[in-house]
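Structural characterization, general
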Amino acid sequence: MTTLALDAATLESLVAAAVAAPSIHNSQPWRFRLRPETSVLEVRAARERALPATDPAGRALHISVGAAVLNLRVAARHLGWAPEVRLLPDPSDPDLLAGVRLDTAAAVRLPGSEALYEAIWHRHSIRTPFTGEPVPPAVLDELAVAARAEDALLELPGHEETNRILRLTSEAERRNATERGQRAESRNWVHSGDLLPYGIPARALGPQDRDARLPMRDFTALRPTGHGVPATFEAEPRIAVLVTGSDERADWLRAGLALEHVLLAATVHGVRASLLHQAMEWPYLRWATREPHHGPGHVQMLIRLGYGPEGAPVPRLAVRDVLEPEAQETPRIRGGQS
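An account of the accompanying structure is given in this report. (Residues numbered from 1 in each chain as written. Predicted model: local features only at pLDDT ≥ 70, side-chain atom pairs only at ≥ 80, totals over all residues. Heavy atoms only, no water.)

**Re the overall build of the chain**
Counting its regular elements, the chain contains 10 helices and 12 strands. In summary, the chain has a C-alpha radius of gyration of 20 Å against a globular reference of 20 Å for 338 residues, a match within 12%. In terms of overall dimensions, the chain has a C-alpha envelope of 60 × 40 × 35 Å along the principal axes. Sequence separation of 24 or more characterises 77% of the internal contacts of the chain that already satisfy a separation of 6 or more. Of the roughly 14800 Å² of accessible surface on the chain, 54% is carried by carbon and sulfur atoms. For the chain, the distance from the average site of its 38 positive side-chain charges to the average site of its 42 negative ones is 3 Å. (Helix = DSSP H or I, 4+ residues; strand = E, 2+ residues; numbered from the N terminus. Rg over C-alpha atoms; globule rule 2.2 N^0.38 Å. Contact = heavy atoms within 4.5 Å. Areas by Shrake-Rupley, 256 points an atom, 1.4 Å probe, with all protein chains shown as cover. Lys, Arg positive; Asp, Glu negative; His and termini not counted. Charge placed at Lys NZ, Arg CZ, Asp CG, Glu CD.)

See below:
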């Protein structure tokens, strides 16, 4: 029989895994609070790190938090818990986006859970060209299964549909670079060096496509001094489309869970990924990215998949900066047995 304890070291391990999740502009819009009386670790929105120009409805914030919840769930299973996740558990508390109950030990280890946990520490967004080597169908099928496990779909458009989606993304990128509010906001989240624990250091910015086929985000928004040397990207990019059936706050959180599950599964197979979010930031363009022949659905993210070097890590907030005081002062909670 093994007794689990949610002590300070365990809590730190869980939150460290959660904050390794991707977030829009590396804004890391999350906070954590432990409720010792219920053994629930709350995941809350950090509104001070929201992006009002880019994400006025908070959809991307919810996706970012959902990705952190997925990492938290994976880490809890790695440590021997059987975590129970509830999304939006309290309608009277809109900043409480999820609760993860940790009071039961897992009876068995789920297949693949250890590989997903290791992938948390190696997953990084890629902003550089891929080799052009195609991702095998069997791997793509596994990524689709990962999305379905979180009540989302991962669609794999063909050549013509991919080109159409990329044209919409190019139009969104043009708007992002020329619209004053979004241009200023994008620039504000780029900084030199690693002095800030959030945002994107200039060293992590990727090049633009020399042939203008693949619309990579220009975080410097037409500022020539921030541009690197253009590069040649893969001729046939593999774009995956993450879709949910509805478009409410809970669906945005599920999209974040699915996104991170897909990204971790890709990392396990050595597949790299970058996120093309530009069209999601303009309602008409976001709606236009959906494939009408596949029935109703709401596109939440475009994911570029391929092979290349492991991405460069970007700064992360320290655990002490995202744990609310009640959690930091909790000495110990007894858990279940297995």
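Picking up where we left off.
**Comments concerning the environment of Tyr-198**
Tracing the backbone shows Tyr-198 in the loop between β7 (190-191) and β8 (200-201). Note: C-alpha distance between Tyr-198 and Val-145 (53 residues apart in sequence) is 31 Å. Apart from residues no more than four positions distant in its own chain, Tyr-198 is found in contact with Asn-26, Gln-28, Trp-189, His-191, Pro-315 and Leu-317.

**Examining the sheet that holds strand β10 (residues 272-276)**
In sheet architecture, strand pairing relies on hydrogen bonds along the backbone and comes in two forms, parallel and antiparallel. Taken in spatial order, the four strands line up as β6-β9-β11-β10 in an open sheet, and their pairing is antiparallel. The two strands at the open ends of the sheet, each matched to only one other strand, are β6 (153-155) and β10. Each adjacent strand pair in this sheet contributes to an overall mean axis angle of 30°, direction not counted. Relative to the sheet, helix α5 (residues 159-178) contacts β9 (238-244), β10 and β11 (298-306), its axis offset from that of β9 by approximately 80°. Along the sheet, helix α7 (residues 249-268) contacts β6, β9, β10 and β11; its crossing angle with β11, the most-contacted strand, is approximately 10°. (Pairing = 2+ DSSP bridges. Axes fitted to C-alpha atoms, helices over the stretch in contact; angles between N-to-C directions.)

**Thoughts on unusual backbone geometry**
Although it is not a glycine, Asn-26 adopts a positive phi angle of roughly 50°. Tracing the sequence through the fold places Asn-26 in the loop between α1 (8-18) and β2 (30-35). Residue classification places Asn-26 among the buried residues on the basis of a relative accessible area of 6%. At Asp-151, a residue that is not glycine, the phi angle is positive and equals roughly 65°. Counting through the fold element by element, Asp-151 comes out in the loop between α4 (137-148) and β6. For Asp-151, a relative accessible area of 59% corresponds to the exposed category. (Buried < 20%, exposed > 50% of the residue type's maximum accessible area, 1.4 Å probe, protein only.)

**Re the pattern of salt bridges**
The full count for this structure, using the stated rule, is 20 salt bridges. Here Arg-35 ties to Glu-42 by a salt bridge, and the two come within 3.1 Å at their closest N and O atoms. Looking at Arg-35, the relative accessible area reads 27%, which means it is partly exposed. Here Arg-47 ties to Asp-95 by a salt bridge, and the two come within 2.7 Å at their closest N and O atoms. Of this pair, Arg-47 sits in the loop between β3 (40-45) and α2 (59-78) while Asp-95 sits in the loop between β4 (84-87) and β5 (96-101), placing them 48 residues apart in sequence. For Asp-95, a relative accessible area of 26% gives the class partly exposed. (Salt bridge = Lys/Arg side-chain N within 4 Å of Asp/Glu carboxyl O.)

**Describing empty space enclosed by the protein**
Sizing a probe to match a water molecule and rolling it over the atoms shows the empty space that remains. Summed over all chains, the structure comprises four cavities of 30 Å³ or more. Looking at the largest cavity, it is lined by 31 residues, and the ones nearest its centre are Ser-23, His-25, Ser-125, Arg-127 and Leu-275. For the lining of the largest cavity, the elements supplying multiple residues, two or more each, are α2 and β10. The element that contributes the greatest number of residues to the lining of the largest cavity is α2, accounting for four residues. Each residue belonging to the lining of the largest cavity can be placed in one class, and the counts come to 16 nonpolar, 11 polar and four charged. Reported here for the second largest cavity is a volume of approximately 110 Å³. The wall of the second largest cavity is formed by 14 residues, among which Arg-123, His-124, Thr-267, Arg-272 and Ala-273 lie closest to the centre. Listing elements by their share of the lining of the second largest cavity, those giving two or more residues are α7 and β10. (1 Å grid on protein atoms, 1.4 Å probe; cavity = no way out; pocket = protein on both sides within 12 Å on 5 of 7 lines; lining within 4 Å. Points joined across faces, edges and corners; volume = space filled by probe spheres on them. Nonpolar A, V, L, I, M, F, W, Y, C, P; charged D, E, K, R; others polar.)

**Observations concerning the packing of aromatic side chains**
The tally for this structure, following the rule as stated, stands at two aromatic pairs. Between Tyr-117 and Trp-121, the ring centres sit 5.9 Å apart and the planes meet at 80°, which makes this aromatic pair edge-to-face. Looking at Tyr-117, the relative accessible area reads 13%, which means it is buried. In this structure, Arg-217 is placed above the aromatic ring of Phe-219, and the distance from its NZ or CZ to the ring centre is 5.6 Å. (Phe/Tyr/Trp six-rings, centres within 6.5 Å; stacked < 30°, edge-to-face > 60°. Lys NZ or Arg CZ within 6 Å of the ring centre and 35° of its normal.)

**Some points on the sheet that holds β2**
One open sheet holds the four strands; their spatial order is β2-β3-β5-β4, and the pairing between them is antiparallel. A single partner strand is all that each edge strand has here, and the edge strands are β2 and β4. Looking at each pair of strands side by side, their axes are set apart by 20° on average, direction ignored. Pairing of β3 with β5 involves five bridges; the strand directions are antiparallel.

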